[in-house]
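# Structural description and commentary
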Amino acid sequence: MFSLPFQPSTYQRNRLKRVLLCMVCVLSSLVDPTAACPPLCLCNATDVDCSGRGLHAMPALSQLPVSTRTLLLPNNRLSTLGAGAFSNLTALERLDLSNNYLDNLPPGLFRDLGNLAELTLHNNSLTALDRDLFQGLVELRKLDVSLNGLSEVPLGLLDELRSLTWLSLAGNRLHALERAAFEPLANLQYLQLGANPWECDCNLREFKHWMEWLLYRGGQVDAVECILPKDLRGRDIRGVPVEMFNYCLQLEDENGGGGGAGAGTRSGGREGPQLPCGRATSTGNAAPTPVSEAADQSPVPDCGRRRYQPVSVRRAIGTVVIAGVVCGIVCIMMVGAAAYGCIYASLMAKYQRELKKRQPLMGDGEGDADPEEKQISSVA
């Protein structure tokens, strides 16, 4: 007699297969990203970290797995990016390009990053942004372009960022902003604008009204400190009364609704008042439109996009509260006066009834007492 060698059961064989399959999956997830990881970078299944590697050019990202969700490239020496640099990273959710030397970004650079939620361009050398730069970033919630050299935010740049909740423009060269450029940001809650050379003149009036609306619906804006004009230097425009901008309306009337000679584009110098709607001229170095011609032209498209008239929301709320308090006090006084009148009338009626009851008991002296009683009754 001899014993047969040990034969595993079907259940044990299937379990062994599953264990081996899991081990293969784990090893492949660890090996494949590392094999495609750019030199000098650290990679795992979803994250690629190329921070502080002294890179002068973009690393090879074409072999990265499609599942990559985080790409970190801060503290390098990158100065340019190709138009399709991130075209294969469609699942990317976080991209950090801060502390580099980027001075020009091609239009539609982030077009394929439809899942991107956080984009950081902090501390670069950007002086201008193409209006199509952020095209396709419909899920972006946080955008940081602080510490650059931006002098304006072009109309249309933020139109597709309707999910944006946090935006930083601090530390640039902004002196005025167009309200129409920020109106698409319906979900914005935090806005950083500090450390910019703000000129608190008529060019900033419309944007101030938009900030009032953002604050009214619970948003937060940091300090917007004026450097011009001299009488507002050092003041935060959030605390400047809206009545100080009433003269802008007079200037608009004098210049034909903002199309006069004094309302050219801001790039045309600093002569005279420059009104928020003063963009009736053509782009480039074209001469301003005369008042007589501007009166016959249709409204400027930039101004036509504004959805509400400028009002001081907080001041309007204060006026409503004060009016309500005054009306309440007047109503209370009227109720008190009515109650006093009713009490006085009831007392006088009671007095008259008592007087009539006593008249039959007065006998012969009734005739002598009548004039006095009548006089008392009339006085009462």
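As a starting point, this report considers the structure included with it.

Rules and cut-offs
Residues numbered from 1 in each chain as written. Predicted model: local features only at pLDDT ≥ 70, side-chain atom pairs only at ≥ 80, totals over all residues. Heavy atoms only, no water. Phe/Tyr/Trp six-rings, centres within 6.5 Å; stacked < 30°, edge-to-face > 60°. Helix = DSSP H or I, 4+ residues; strand = E, 2+ residues; numbered from the N terminus. Buried < 20%, exposed > 50% of the residue type's maximum accessible area, 1.4 Å probe, protein only. Lys NZ or Arg CZ within 6 Å of the ring centre and 35° of its normal. Core = buried A, V, L, I, M, F, W, Y, C linked by side-chain atoms within 4.5 Å. Salt bridge = Lys/Arg side-chain N within 4 Å of Asp/Glu carboxyl O. Pairing = 2+ DSSP bridges. Disulfide = S-S within 2.5 Å.

### Side note on the packing of aromatic side chains
This model, assessed by the stated rule, comprises seven aromatic pairs. Ring centres of Phe86 and Phe110 lie 6.1 Å apart, and the angle between their planes is 15 degrees; this geometry places the pair in the stacked category. With Phe86 in the loop between strand S3 (70-72) and strand S4 (94-96) and Phe110 in the loop between S4 and strand S5 (118-120), this residue pair connects regions lying 24 residues apart in the sequence. Its relative accessible area of 1% is what places Phe86 among the buried residues. The rings of Phe86, Phe110 and Phe134 are connected pair by pair, giving a single aromatic cluster. Here the guanidinium or amino end of Lys142 rests over the ring plane of Trp166, the centre of that ring lying 4.7 Å away.

### A few points about the nonpolar core
Formed by 69 residues in total, the largest nonpolar core has its most connected members in Phe86, Phe134 and Phe182. At four residues, helix H2 (residues 205-216) tops the list of elements feeding residues into this core.

### A short note on the pattern of salt bridges
Counted according to the given criterion, the structure contains six salt bridges. The salt bridge involving Arg205 is made with Glu206; its shortest N-O contact spans 3.0 Å. Each member of the pair Arg205 and Glu206 is classed as buried. Put simply, Lys208 and Glu212 hold a salt bridge, and the shortest N to O gap is 3.3 Å. Separated by four residues within a single helix, Lys208 and Glu212 lie in helix H2, roughly one turn from each other. By relative accessible area, Glu212 is classed as buried at 6%. Ionic contacts of the salt-bridge type, sharing partners, join the residues Arg179, Glu183, Arg205 and Glu206 into one network.

### What to know about the sheet that holds strand S7 (residues 166-168)
As a general point, the strands of a sheet are linked pairwise by backbone hydrogen bonds and lie either parallel or antiparallel. The nine strands are arranged S1-S2-S3-S4-S5-S6-S7-S8-S10 in an open sheet whose pairing can be described as mixed. Lying at the two open borders of the sheet, with one neighbouring strand each, are strand S1 (42-43) and strand S10 (220-221).

### What about the state of the cysteines?
Here the structure, examined in full by the defined rule, presents three disulfides. One disulfide in the model links Cys200 with Cys226; its S-S distance is 1.8 Å. A torsion of -90 degrees about the S-S bond marks the disulfide between Cys200 and Cys226 as left-handed. Remark: Cys226 occurs in strand S11 (residues 226-228) and Cys200 occurs in the loop between strand S9 (198-199) and H2; sequence separation between them is 26 residues. Residue class for Cys200 comes out buried when judged on its relative accessible area of 2%.

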